[in-house]
Amino acid sequence: MTAEEFRAAALKVTGAVEAAHMNHPDFRVNGKIFASLSYPDDGWGMVKLTPEQQRAFRKEAPETFAPCAGAWGKRGATSVHLASARKRILDKALRAAVQDILNPTKP
């Protein structure tokens, strides 16, 4: 998958818009980030999942998904290795990330 394919998949989400945060393209619904590109470099994207979702996606596609560094990753932020990502699983992860924004659970 290329960065442009990731971008197209993210923007296909209903209500998604592209913006930028810390010099990285990001994708938002209702003003909240659910995905981004180019972090830590151009070969990666990110989806904002729950820790449970992150574990499930890592189990399903360990070559594609990994926790982001530090506390952010422990809270579910998940790196997506673009070269190994496939459209079906990325679309599934993007939908999960958006649902978390639209239907947040209270701790």
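Before reading further, recall that the structure is shown in the block above.
Residues numbered from 1 in each chain as written. Predicted model: local features only at pLDDT ≥ 70, side-chain atom pairs only at ≥ 80, totals over all residues. Heavy atoms only, no water.

Colleague: How do you make sense of the sheet that holds strand β5 (residues 65–67) when you look at a structure like this?
Modeller: Neighbouring strands of a sheet are bound in pairs by backbone hydrogen bonds; such pairs are parallel or else antiparallel. Within the open sheet, the six strands sit side by side as β1-β2-β3-β4-β6-β5. Their pairing is antiparallel. The sheet terminates laterally at β1 (17–21) and β5, the two strands that pair on one side only. Pairs of neighbouring strands in the sheet enclose a mean axial angle of 35°, with direction left out of account. Relative to strand β2 (residues 24–29), β1 runs antiparallel, the two being bridged by five bridges. Counted as the bridge partner of His-21 is His-24 from β2. (Pairing = 2+ DSSP bridges. Helix = DSSP H or I, 4+ residues; strand = E, 2+ residues; numbered from the N terminus. Axes fitted to C-alpha atoms, helices over the stretch in contact; angles between N-to-C directions.)

Colleague: Can you help me understand the nonpolar core in this one?
Modeller: Nonpolar side chains in soluble globular proteins tend to end up buried together. Formed by 26 residues in total, the largest nonpolar core has its most connected members in Phe-6, Phe-34, Val-47 and Leu-94. Contributing elements (two or more residues each) for this core: α1 (3–11), β2, β3 (32–37) and α4 (87–102). Among the elements that make up this core, the one with the highest residue count is α4 (eight residues). (Core = buried A, V, L, I, M, F, W, Y, C linked by side-chain atoms within 4.5 Å. Buried < 20%, exposed > 50% of the residue type's maximum accessible area, 1.4 Å probe, protein only.)

Colleague: Explain unusual backbone geometry to me, please; I cannot follow it from the model alone.
Modeller: Trans is the prevailing form of peptide bonds, just as negative phi is the prevailing case for residues other than glycine. A cis geometry characterises the amide bond from Tyr-39 onward to Pro-40, with omega recorded as 10°. Within the secondary structure, Pro-40 is located in the loop between β3 and β4 (44–48). Located in the positive-phi region is Met-22, a residue other than glycine, with phi close to 55°. Within the secondary structure, Met-22 is located in the loop between β1 and β2. One non-glycine residue, Asn-30, lies in the positive phi region at around 55°. Mapped onto the elements, Asn-30 comes out in the loop between β2 and β3. Owing to a relative accessible area of 63%, Asn-30 belongs among the exposed residues under this scheme.

Colleague: Can you help me understand the environment of Leu-49 in this one?
Modeller: Within the secondary structure, Leu-49 sits in the loop between β4 and α2 (51–60). For Leu-49, a relative accessible area of 4% translates into the label buried. The sequence separation of Leu-49 and Thr-78 amounts to 29 residues, and the corresponding C-alpha distance is 6.6 Å. Sequence-distant contacts of Leu-49, that is, excluding residues within four places in its chain, are made with Gln-54, Phe-57, Arg-75, Gly-76, Ala-77, Thr-78, Ala-93, Ala-96, Ala-97 and Asp-100. (Contact = heavy atoms within 4.5 Å.)

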